[in-house]
Structures are given as C-alpha cells and as structure tokens.
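Each chain, letter by letter, is given below.
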Amino acid sequence: MRRRLLLLTALTTLVLGQPTTALARGCEDICADKAAGSCDEIDSARCGAYIAGCLLGCSMGQLMRMLTE
C-alpha cells in the first residue's frame, strides 16, 4: 500500500510540475527547450535524468488530458 501511495504521489508531482504549454506542443520540444536552459552539459548523466523525468511528466500530463476530455 505504501509503495502504491508513493508511486501515485510521484506521478502526480511530475504531472502537475509540467508547464501548461506541454499540452499544446510536443513533449520532445518542451523538454529540449527546458534542458537547453537548465543543463550545463547536455551529454551528462544528470541532464539525461532531467530529460527523462521531463518526458515522463509531459507524457503523463498529455495522457491525463486525454482521459479527462
């Protein structure tokens, strides 16, 4: 039960943490723009994790939008 609650909380945080423009443009464009502004070295593992989290959150946001329409 605790793991499910933690997973739900993490997914909700990712979805709500994404910009509203993520619903209008492609996730790849949004995350590329955010990574370019946030990452010092685009090839670093930290930046890769940042991009992966951004893509996950953006995709979840679009999925939630589709489910509520």
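Residues numbered from 1 in each chain as written. Predicted model: local features only at pLDDT ≥ 70, side-chain atom pairs only at ≥ 80, totals over all residues. Heavy atoms only, no water.

So, the overall build of the chain
Item 1. Of the regular secondary structure elements, the chain holds 3 helices and 0 strands.
Item 2. Reading the helices (α) and strands (β) of the chain from amino to carboxyl end gives α-α-α.
Item 3. Counting over 69 residues, the chain shows a buried share of 19%.
Item 4. Long-range contacts, defined as pairs at least 24 residues apart, comprise 57% of the intrachain contacts of the chain with a sequence gap of at least 6. (Helix = DSSP H or I, 4+ residues; strand = E, 2+ residues; numbered from the N terminus. Buried < 20%, exposed > 50% of the residue type's maximum accessible area, 1.4 Å probe, protein only. Contact = heavy atoms within 4.5 Å.)

Examining the packing of helix α2 (residues 27-38) against helix α3 (residues 45-68)
Item 1. Contact pair α2 / α3: the axes reach a minimum separation of 9 Å and the direction vectors enclose 145°. Note on packing geometry: the crossing formed by α2 with α3 is right-handed. Contacts between α2 and α3 involve Cys 27, Glu 28, Cys 31, Lys 34, Ala 35 and Ser 38 from the former and Cys 47, Tyr 50, Ile 51, Cys 54, Leu 55, Cys 58, Ser 59 and Gln 62 from the latter. (Axes fitted to C-alpha atoms, helices over the stretch in contact; angles between N-to-C directions. Left-handed = near helix turned anticlockwise from the far one by under 90°.)

Comments concerning the state of the cysteines
Item 1. For the structure shown, the criterion picks out 3 disulfides.
Item 2. Two residues, Cys 27 and Cys 58, share a disulfide whose sulfurs are 2.2 Å apart. On the sign convention where negative means left-handed, the S-S torsion of about -85° between Cys 27 and Cys 58 marks this disulfide as left-handed. With Cys 27 in helix α2 and Cys 58 in helix α3, the pair connects residues that are 31 residues apart, well separated along the chain. For the residue pair Cys 27 and Cys 58, the accessibility class agrees, reading buried in each case.
Item 3. Disulfide pairing is shown between Cys 31 and Cys 54; the S-S distance is 2.1 Å. Measuring the twist about the S-S bond at about -90°, one finds the Cys 31-Cys 54 disulfide to be left-handed. Note that Cys 31 is positioned in helix α2 and Cys 54 in helix α3, a separation of 23 residues in sequence. This pair shows no difference in class: Cys 31 is buried, exactly as Cys 54 is.
Item 4. In the chain, the cysteines engaged in disulfides, taken in order along the sequence, are linked 1-6, 2-5, 3-4. (Disulfide = S-S within 2.5 Å.)

Notes on the environment of Gln 62
Item 1. By the element assignment, Gln 62 lies in helix α3.
Item 2. Considering only alpha carbons, one finds Gln 62 and Gly 26, 36 residues apart in sequence, at a separation of 9.5 Å.

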